[in-house]
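Coordinate inspection notes
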Amino acid sequence: MYARWNTFLCVAEEGSLTRAAEKLGYTQSGVSHLLSALEEELGLQLFIRRRSGTQLTAEGRQLLPYAKKLIDAAEDAERLAANLRGLEWGAVRIGSFSSVTINWLPDILQLFGEKYPNIEVEVRNGAYSAIETELLDHRTDCSFLVEPSSDRLQFVPLWDDRFFAILPTGDPLGGRREIEPKELSGKPFIVPAEGTQYDIGKIFAGVGAEVKSKYDMGDDYAAVEMVKKGFGFTILPELLLSTMPLGGLRAAPLKGCKRTVGIAAGKDRYQPKAVSAFVQCVKEYLEEKKGD
């Protein structure tokens, strides 16, 4: 029963029997057989099958949220069983964003792996909004976030991360020890990966500064390359700058501007020991880092 509903959910998300088969590790005929068996059992057609892919029928759309609950319940049961067995076996699904993934996770995962070698770890990297959505949808167990917007999540602050303005060579503000955000008003702004709707948008909105978004790159490294070419300035967190090749560009801290990086988990969901153990490893790593 679990395999049939899990296949139904995967095909609905992927919109393709082929992609669902690849994700699940089945053959395409195996996926088709499981769907047909579920449809026969329910006496309903769940998908419209076309050459371009699959589409949920009206009945399939109504069943979709119940399928998600069923799979979540089955996964919770598996995690509880692993928790009852202790920390010898289990799995943790982690959401993360680029600066944490690049700078923290390799060392954290090494520490976690040394302590719990048989616990599997899956990392899903993305933008803030995508990470938070996956956590709320129970596709991850815990996630690194910056002050989540949902009150359904419990957030543990871990690290204050300053913001820096990345300025073209020769910009007079580049020699300053600190820059007031208002001083950047009117300058062409190159939007990095997270966009302006999160940290950077809050910075400018908080001081009433108006910034002209000249280019939206959707990538931190691409934004820096645009600054090198003289197209404008960008803003990046200090955590990312530790591995960012600036190539002669000036980086100046923005006065009073920071983000609080933390780890979040659902308030209403059972957390297995493996997740608690991972969070503890994160705290240990950061305590040691603060002491360096």
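The notes below deal with the structure included here. Position numbers for residues start from 1 in each chain and track the written sequence from start to end. Whole-chain, interface and lining totals are the exception, using all residues; otherwise, since this is a predicted model, local features are given only for residues with pLDDT of at least 70 and side-chain atom pairs are given and counted only at 80 or more. In computing side-chain properties, one takes all heavy atoms of the structure into account and sets aside hydrogens as well as water.

**Side note on the pattern of salt bridges**
The line we're drawing: We count a salt bridge whenever a side-chain nitrogen from Lys or Arg sits within 4 Å of a carboxyl oxygen from Asp or Glu. Note on conventions: DSSP H or I runs of at least 4 residues are helices, E runs of at least 2 residues are strands, and numbering of each starts at the N terminus. Exposed residues in this analysis have more than 50% of their type's maximum accessible area, buried residues have under 20%, and partly exposed residues fall in between, with area computed by a 1.4 Å probe over protein chains only.
For the structure shown, the criterion picks out 16 salt bridges. Residues Lys258 and Asp160 are paired through a salt bridge, measuring 3.2 Å at the closest nitrogen-oxygen approach. Residue Lys258 is located in strand E10 (residues 250–266), and its partner Asp160 is located in strand E6 (residues 153–167); the two are separated by 98 residues in the primary sequence. The class of Lys258 is exposed, set by a relative accessible area of 51%. Ionic contacts of the salt-bridge type, sharing partners, join the residues Glu14, Arg19 and Lys23 into one network.

**Observations regarding the environment of Leu56**
Relative to the assigned elements, Leu56 resides in strand E2 (residues 53–56). Once the C-alpha coordinates of Leu56 and Ser150 are considered, the two residues, 94 residues apart in sequence, prove to be 29 Å apart.

**Regarding the state of the cysteines**
Quick note on the threshold: Note that a disulfide, as used here, is simply two cysteine sulfur atoms within 2.5 Å.
A full pass over the atoms with the stated rule returns zero disulfides. Unpaired in this structure, Cys142 has its nearest cysteine sulfur neighbour in Cys281, at a distance of 11 Å. For Cys142, a relative accessible area of 1% corresponds to the buried category.

**Comments concerning the packing of aromatic side chains**
So the rule is basically this: Between rings of Phe, Tyr and Trp, where Trp is taken as its six-membered ring, a pair exists when centres lie within 6.5 Å; planes separated by under 30 degrees are stacked, by over 60 edge-to-face, and by other angles tilted.
Following the criterion strictly, the structure yields 10 aromatic pairs and no others. The interplanar angle of 65° and the centroid separation of 6.3 Å between the aromatic rings of Trp104 and Phe144 together place this pair among those described as edge-to-face. On the criterion of sequence distance, the pair formed by Trp104 in the loop between helix H5 (98–103) and helix H6 (105–115) and Phe144 in strand E5 (residues 142–146) is long-range, its members being 40 residues apart. You can call Phe144 buried: its relative accessible area is 0%. Arranged with centres 5.6 Å apart and planes meeting at 80°, the rings of Phe112 and Phe278 form a pair that is edge-to-face. With a gap of 166 residues between them, Phe112 in helix H6 and Phe278 in helix H11 (residues 273–291) connect regions that are remote in the sequence. Phe278 gets classed as buried once you look at its relative accessible area, which sits at 0%. Cluster of aromatic residues (ring-pair linked, three or more members): Trp104, Phe112, Tyr116, Phe144, Trp159 and Phe278.

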